[in-house]
Amino acid sequence: MTQPPFLEVPATDSVLLSFDGRVLEVFGYADAARYHVWEEPRIQFRTGRLRRLTITTKHGRSHSLLYDAHRLPDLQVFAERLESTGRPDPEH
């Protein structure tokens, strides 16, 4: 049995994204949010003066938050790895 990937990346000094192979979690501000793999969470980025990332699921649930410009490359890698590893196994 292989160990699921554990990924963590800060979006700002006070917001952290974490993925343990089954659940994407957003920590920061005043609360936390959880997105399970079966919801197929995806991250999209808006650049420019007001930088935002938006997490959306196949059911239309969404969460939008600010990110620091210098963190964008790491956030993009995180989003790509989430998308490639976060797909549910069709046999389970």
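For the structure, check the block above.
What counts as what
- Residues numbered from 1 in each chain as written.
- Predicted model: local features only at pLDDT ≥ 70, side-chain atom pairs only at ≥ 80, totals over all residues.
- Heavy atoms only, no water.
- Phe/Tyr/Trp six-rings, centres within 6.5 Å; stacked < 30°, edge-to-face > 60°.
- Helix = DSSP H or I, 4+ residues; strand = E, 2+ residues; numbered from the N terminus.
- Buried < 20%, exposed > 50% of the residue type's maximum accessible area, 1.4 Å probe, protein only.
- Pairing = 2+ DSSP bridges.
- Axes fitted to C-alpha atoms, helices over the stretch in contact; angles between N-to-C directions.

### Things to note about the packing of aromatic side chains
Thinking step 1. In the structure shown here, the tally under the stated rule is one aromatic pair.
Thinking step 2. Consider the rings of Phe-45 and Tyr-67, whose centres lie 5.8 Å apart with planes at 85°: the pair is edge-to-face. Here Tyr-67 lies in the loop between β7 (62–66) and α1 (72–85) and Phe-45 lies in strand β5 (residues 42–46), a separation of 22 residues in the sequence.
Thinking step 3. Judged by relative accessible area, Phe-45 falls into the partly exposed class, the value being 26%.
Thinking step 4. Owing to a relative accessible area of 2%, Tyr-67 belongs among the buried residues under this scheme.

### Considerations on the sheet that holds β5
The strands making up a sheet associate through hydrogen bonds between their backbones, and the pairing can be parallel or antiparallel.
Thinking step 1. If you trace the three strands from one edge of the open sheet to the other, you get β5-β6-β7, paired in antiparallel fashion. Since the sheet does not close on itself, it has two edges, and those belong to β5 and β7, each with one partner. Here the strands of the sheet are splayed against their neighbours by 20° on average, with no regard to which way each runs.
Thinking step 2. Alignment of strand β6 (residues 52–56) against β7, held across five bridges, turns out to be antiparallel. Looking at the pairing, Ile-55 lines up with His-63 of β7.

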